[in-house]
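Commentary on secondary and tertiary structure
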Amino acid sequence: MKNTDYLQRSLNSVWHPCSQMKQFETLPLVPIARGNGMWLYDFEGRRYLDAISSWWVNLFGHCNPRINAALKDQLDQLEHVILAGFTHAPVIELSERLAALTGLGHCFYGSDGASATEIALKMSFHYWRNSGQPEKTRFISLQNGYHGETIGALSVTDVALFKDTYAPLLRQSTQVPTPDWRHAEAGESPRAFATRCAGAVRAHLEQHHATTAAFIVEPLVQGAAGMGMYDAEYLRLARALCDEFKVHLIADEIAVGFGRTGTMFACEQAGIRPDFMCLSKGISGGYLPLSAVLTTDTVFQAFYHDETAKGFLHSHSYTGNALACRAALATLDIFEQDKVIETNRGRADFMNRATQPLRDHPKVRNFRQTGMIWAFEVESATPHFSRAFYQLALQQELLLRPMGNTVYFMPPYIISHEEIEFLVAGTLKTLEQLC
Ligand SMILES: *Cc1c(COP(=O)(O)O)cnc(C)c1O
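Nothing here was measured: the structure is a model prediction, and the numbers come from that model. Chains are numbered independently. Their residues run from 1 in the order of the written sequence. A pLDDT threshold of at least 70 governs which residues receive local features in this predicted model, and a stricter bar of 80 or more applies before side-chain atom pairs are shown or counted, although totals over entire chains, interfaces and linings include all residues. To obtain the side-chain values, all non-hydrogen atoms of the structure were included, while hydrogens and water were left out.

**Notes on the overall build of the protein chain**
Helix and strand definitions follow DSSP, with helices as H or I runs of at least four residues and strands as E runs of at least two, each counted in order from the N terminus. Per the secondary structure count, the protein chain includes 15 helices and 16 strands. Our radius of gyration is a C-alpha quantity, and the globule rule it is checked against amounts to 2.2 Å times the number of residues to the power 0.38. By the compact-globule yardstick of 22 Å for 435 residues, the protein chain fits well, its C-alpha radius of gyration being 22 Å. With respect to the three principal axes, the spread of C-alpha positions in the protein chain is 60 × 60 × 45 Å. We call a residue buried when its accessible area falls under 20% of the maximum for its residue type, exposed when it is over 50%, and partly exposed in between, using a 1.4 Å probe and counting protein chains only. Looking at the protein chain residue by residue over its 435 residues, the buried ones come to 53%. Restricting to contacts in the protein chain with at least 6 residues of sequence separation, those with at least 24 account for 71%. We call two residues in contact when some of their heavy atoms are within 4.5 Å.

**Digging into empty space enclosed by the protein**
Definitions used for this entry: grid spacing 1 Å over protein atoms alone; cavity, a set of points where a 1.4 Å probe fits but cannot get out; pocket, an open set with protein on both sides within 12 Å along at least 5 of 7 lines; lining residue, one with an atom within 4 Å of a point. Grid points are joined across faces, edges and corners, and a volume is the space filled by probe spheres set on the points. Inspection of every chain in the model, using the stated rule, returns one cavity of 30 Å³ or more. The space that makes up the largest cavity amounts to roughly 40 Å³. Contributing to the lining of the largest cavity are W56, L59, I254, A255, G257, F258, R260, K281, G282 and Y413. Under the scheme applied, nonpolar residues are Ala, Val, Leu, Ile, Met, Phe, Trp, Tyr, Cys and Pro; charged residues are Asp, Glu, Lys and Arg; polar residues are all the others, including Gly. Class assignment of the residues belonging to the lining of the largest cavity gives a composition of six nonpolar, two polar and two charged.

**A short note on the packing of helix α14 (residues 385-395) against helix α15 (residues 417-434)**
Axis lines are fitted through C-alpha atoms, for helices just across the contact stretch, and the angle between N-to-C directions can take any value from 0 to 180 degrees. Axis separation between α14 and α15 bottoms out at 9 Å; the angle between their running directions is 130°. Between α14 and α15, the angle falls in the class oblique. Relative to α15, the crossing made by α14 is right-handed. Between α14, through F385, A388, F389, L392 and A393, and α15, the contact on the second element is made entirely by T427, T430, L431, Q433 and L434. Taken together, the residues of the contact of α14 with α15 sort by class into seven nonpolar, three polar and no charged. In what follows, roughly perpendicular refers to angles from 65 to 115 degrees, roughly parallel to angles under 35, roughly antiparallel to angles over 145, and oblique to any angle outside these ranges. By the definition used in this description, the sense in which the near helix is turned from the far one sets the handedness, with an anticlockwise turn below a right angle giving left-handed and a clockwise turn giving right-handed.

**Some points on the layout of surface pockets**
As a volume, the second largest pocket reaches approximately 580 Å³. Along the wall of the second largest pocket there are 22 residues; nearest its centre are C107, F108, F312, H314 and T319. Of all elements in the fold, only β4 (106-110), β12 (291-295) and α10 (297-303) reach the threshold of two or more residues within the lining of the second largest pocket. Across the lining of the second largest pocket, the residue classes break down as 13 nonpolar, nine polar and no charged.

**Some words on the environment of D50**
In this fold, D50 is placed in strand β3 (residues 47-50). Separated by 15 residues in sequence, D50 and G35 have C-alpha atoms that sit 9.5 Å apart. Sequence-distant contacts of D50, defined by excluding residues within four places in its chain, comprise M38, L40, H62, L399, P411 and P412.

**Focus on helix α4 (residues 89-102)**
An α-helical turn contains 3.6 residues, so any two residues separated by three or four positions project in the same direction. A helix is expected to span 1.5 Å for every residue after the first. Compared with the 20 Å implied by 1.5 Å per residue over 14 residues, the 20 Å span of α4 between its first and last C-alpha is a close match. Taken as a whole, α4 has its buried residues at P90, V91, L94, S95, R97, L98, A99 and T102. Looking at the packing, one finds that the buried side of α4 touches α3 (65-75), β4, β11 (276-279), β12 and α11 (322-337). In the stretch just after α4, G103 is the one whose phi turns positive, near 75°.

**As for the nonpolar core**
The definition of a nonpolar core used throughout is a set of buried Ala, Val, Leu, Ile, Met, Phe, Trp, Tyr and Cys residues joined through side-chain atoms within 4.5 Å. In terms of nonpolar packing, the biggest core is built from 109 residues, with L98, F215, Y234 and F258 touching the most fellow members. Here the element with the most residues in this core is α11; it accounts for ten residues. Note: domain ranges come from an automatic or database domain assignment. Each of domain 1 (1-49) and domain 2 (68-337) accounts for three or more of the residues forming this core. Discounting residues that sit within four places of it in the chain, L98 has contacts with C107, Y109, F258, L279, I283, A292, L294 and L332.

**A closer look at the site of the ligand**
By convention in these notes, a residue is near a molecule or strand provided one of its non-hydrogen atoms lies within 4 Å of it. Taken together, W56, D112, G113, A114, Y146, H147, G148, E218, D252, I254, A255 and K281 make up the full set of residues near the ligand. Pairing of N or O atoms within 3.5 Å defines a polar contact, subject to two protein rules: one partner must be a possible hydrogen donor and the other a possible acceptor, and residues neighboring in sequence count only if both atoms are side-chain atoms. With respect to the ligand, the backbone of Y146 contributes an N or O atom lying 3.4 Å from a nitrogen atom. The side chain of D252 places a nitrogen or oxygen atom 2.7 Å from a nitrogen atom of the ligand. Per-residue and other accessible areas were derived by the Shrake-Rupley procedure at a 1.4 Å probe size, with only the shown protein chains allowed to occlude residues. Contact with the protein chains removes 82% of the 380 Å² of surface that the ligand exposes when unbound. Here the residues of the shell around the ligand sort into five nonpolar, three polar and four charged.

**A few points about the sheet that holds strand β15 (residues 398-399)**
Taken in spatial order, the four strands make up an open sheet running β1-β2-β3-β15, and their pairing is mixed. Bordering the open sheet on either side are β1 (34-36) and β15, each of which pairs with just one other strand. Two strands are counted as paired when DSSP detects at least two bridges linking them. Here strand β2 (residues 39-41) pairs with β3 via three bridges, running antiparallel. Across the sheet, the residue bridging to L40 is Y48, located in β3.

**Quick word on the domain arrangement of the protein chain**
A common measure of how large an interface is: the accessible area buried when the components associate. Assigned domains of the protein chain: these are domain 1 (1-49) and domain 2 (68-337). The straight-line distance from the C-alpha centre of domain 1 to that of domain 2 is 32 Å.

**Let's talk about the environment of V176**
Topologically, V176 is positioned in strand β6 (residues 174-176). Look at V176 and you get buried, because its relative accessible area is 3%. Each C-alpha atom of the pair V176 and Y109 lies 29 Å from the other, and the pair is 67 residues apart in sequence. Residues in contact with V176, not counting those within four places in the same chain, are S141, L142, Q143, V201, H204, F215 and Y234.

See the structure below:
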């Protein structure tokens with residue numbers, strides 16, 4: 001088989017995500033035959049370094065032998081069983097381990113990030129209703145925040161390109177100023193800016209706490225906003241404000257969970273525990289669709305009742321899928337066995353040194369890093385910069401997918417020193433061609 005055998009068939013039958021399909025008239029699809037570690041291979045021997053973890057999901061490389069072995073073992077025992085009224089070992093073990101890691105002891109499952117957001121929003125509202133405060137129906141979120149694109153999740157997302165078209169379908173929510181330090185005043189420190197932004201949350205809650213159910217945030221890094229990074233102080237202040245005004249704090253750790261910001265979960269860096277934590281993406285190592293919403297005993301107890309309708313009746317067919325849970329367990333095993341959080345520190349240090357030429361590049365602005373995420377803006381007059389960069393990077397054997405003029409690296413945690421150098425050299429060459 002050749003690449004070209006697949007291109008037209010895919011365009012005829014597959015509706016590709018996050019894309020204007022007509023653009024593929026001039027932007028060829030990349031058919032992938034197989035993956036191995038950091039690398040993706042097409043049908044004709046070309047290879048691409050997956051520097052964005054296949055949309056932020058892959059943690060330990062493609063076709064990881066340990067995750068593969070766990071899945072093969074699970075396949076011969078149980079692929080899936082209804083989770084209403086039934087249970088199984090992988091879902092129990094995963095829930096216990098996630099509880100131990102987050103301090104949140106009750107785990108509800110979904111199959112993708114957006115559905116985790118939906119579950120958290122519904123649970124928060126329902127908690128208040130069960131607790132005699134049905135007027136708490138409103139949500140607040142951060143300006144430029146991203147929480148998924150189903151209708152409820154899109155209501156708290158604030159990315160115009162994804163949201164504006166569907167505005168008539170969405171529920172109103174309030175966006176408070178983002179603490180992303182790219183928006184700070186000249187000379188204002190990220191921490192001072194974060195503190196100032198938290199003031200706006202206080203002002204909002206002072207007026208609207210009685211009707212507000214929850215505040216949903218992406219802790220430390222706003223991914224879809226172009227890897228906007230902010231000071232952990234903001235999360236501490238948000239937690240205190242939510243306590244003071246009796247509003248839930250929902251931590252959307254879908255992109256930042258599982259080591260991405262340098263700690264297992266980003267909330268740890270602020271020393272806070274949210275009322276709900278949404279997890280997905282890296283949860284299964286990038287293998288299978290799975291999400292989880294973790295919550296507190298207090299929330300759980302408000303649903304525990306003789307009356308059926310007080311329970312959380314949300315259901316979806318593949319809840320707690322055994323294969324996906326087993327992939328998640330194998331992923332957690334790797335974190336433990338390889339001391340990943342620790343070894344990533346050395347990897348990040350190496351990457352920080354290796355990326356110095358990018359930091360120093362005359363066209364690069366706001367070079368920043370949190371854990372295993374690096375990002376910068378490129379000053380360039382090139383029209384359709386992100387697309388042009390993407391195409392030129394492919395010629396350097398790099399899968400990079402800028403958002404607007406923001407280039408970012410979000411590699412799997414197995415990237416070697418040689419691969420880091422390869423990534424930086426290819427990025428510099430791509431910049432040379434564009435600037
Ligand atoms: C990707 C993402 C989502 C949505 O997850 P999907 O699995 O794509 O629905 C929600 N929140 C954040 C922070 C994300 O990065």
